[in-house]
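Understanding the architecture of this molecule
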Amino acid sequence: KRKRAGPVIVEDPKNPRAQIAAAYERRNQALGGPQHDPTLPAGWEAASDPTTRKTYYYNRETGERAWEKPEMAALPEGWSESKDPNTNKTYYYHASGKTSWDRPTK
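Residues numbered from 1 in each chain as written. Predicted model: local features only at pLDDT ≥ 70, side-chain atom pairs only at ≥ 80, totals over all residues. Heavy atoms only, no water.

**Here we look at the overall build of the protein chain**
The following threshold applies: Strands here are runs of E lasting at least two residues and helices are runs of H or I lasting at least four, both read from the DSSP assignment and numbered beginning at the N terminus. Only protein chains enter the area calculation, which uses a 1.4 Å probe; residues under 20% of their type maximum are buried, those over 50% are exposed, and those in between are partly exposed. Each accessible area is a Shrake-Rupley result for a 1.4 Å probe, and residues are judged covered by the shown protein chains and nothing else.
Scanning the protein chain from terminus to terminus reveals one helix and six strands. Across the protein chain, helices and strands are ordered from the amino to the carboxyl terminus as α-β-β-β-β-β-β. Of all 106 residues assigned to the protein chain, the portion counted as buried reaches 21%. Split by element, the accessible area of the protein chain, about 8,900 Å² in all, is 50% carbon and sulfur.

Right under this line is the structure:
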């Protein structure tokens with residue numbers, strides 16, 4: 001009998017999008033498919049070419065594909081990033097004192 005995995009724990013368990021994203025990430029890891037890479041710009045994913053086994057990158061929203069890893073844009077002026085020592089998750093902070101888990105764009 002196959003043992004079922006328990007629920008995926010995410011930062012906000014009431015957020016169905018976060019639950020779905022975590023489920024896809026778990027499935028992709030199990031299947032060796034696309035992996036979430038926090039160093040990629042928004043919308044980009046990494047995958048392995050089945051023939052060459054080389055990593056390639058694609059953007060589901062735009063349909064773009066690339067062998068070279070796309071680079072993230074620089075943070076807006078006044079913003080810096082750091083890692084939360086408890087979760088090892090990246091967060092962003094502004095010189096004004098504002099903080100965010102999401103990478104700022106302006």
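**What to know about the sheet that holds strand β2 (residues 55-59)**
Put simply, the rule is: Two strands pair if DSSP finds at least two bridges between them.
In spatial order, the strands read β1-β2-β3; together these three strands make up an open sheet with antiparallel pairing. Of all strands in the sheet, those with a lone pairing partner are β1 (44-48) and β3 (65-66), marking the two edges. Here five bridges tie β1 to β2, and the two strands are oriented antiparallel to one another. For Trp 44, the partnering residue across the bridge sits in β2 and is Asn 59.

**So, the packing of aromatic side chains**
Rules: When the centres of two rings from Phe, Tyr and Trp lie within 6.5 Å, Trp using its six-membered ring, the rings pair. Their planes under 30 degrees apart give stacked, over 60 give edge-to-face, and anything left gives tilted. Note on criteria: charge over ring means Lys NZ or Arg CZ within 6 Å of the ring centre, with the direction from the centre no more than 35 degrees off the ring normal.
For the structure shown, the criterion picks out four aromatic pairs. Considering the side-chain rings of Tyr 56 and Tyr 58, the 5.9 Å spacing of their centres and the 35° angle between planes classify their relative orientation as tilted. Using a relative accessible area of 21% as the deciding quantity, one classes Tyr 56 as partly exposed. Geometrically, the ring pair formed by Tyr 91 and Tyr 93 is tilted, given 6.2 Å between the ring centres and 45° between the ring planes. The residue whose ring lies beneath Lys 54 is Trp 67, and the NZ or CZ to ring-centre distance is 4.7 Å.

**As for the environment of Pro 104**
In plain terms, the rule: It only takes one pair of heavy atoms within 4.5 Å for two residues to be counted as in contact.
Checked against the element boundaries, Pro 104 lands in the segment after β6 (99-100). It is 7.5 Å that separates the C-alpha atoms of Pro 104 and Tyr 92, two residues lying twelve residues apart in sequence. Excluding residues within four positions of it along the chain, Pro 104 makes contact with Leu 75, Pro 76, Trp 79 and Tyr 92.

**Comments concerning the sheet that holds β6**
Adjacent strands of a sheet pair through backbone hydrogen bonds, lying either parallel or antiparallel. Strand order in this open sheet of three strands is β4-β5-β6, and the pairing throughout is antiparallel. The sheet terminates laterally at β4 (79-83) and β6, the two strands that pair on one side only. Bridge count for β4 against strand β5 (residues 90-94) is five bridges, and the pairing is antiparallel. Within β5, the residue paired with Ser 82 across the bridge is Tyr 91.

**Re unusual backbone geometry**
At Arg 53, a residue that is not glycine, the phi angle is positive and equals roughly 65°. Considering the arrangement of structural elements, one finds Arg 53 in the loop between β1 and β2.

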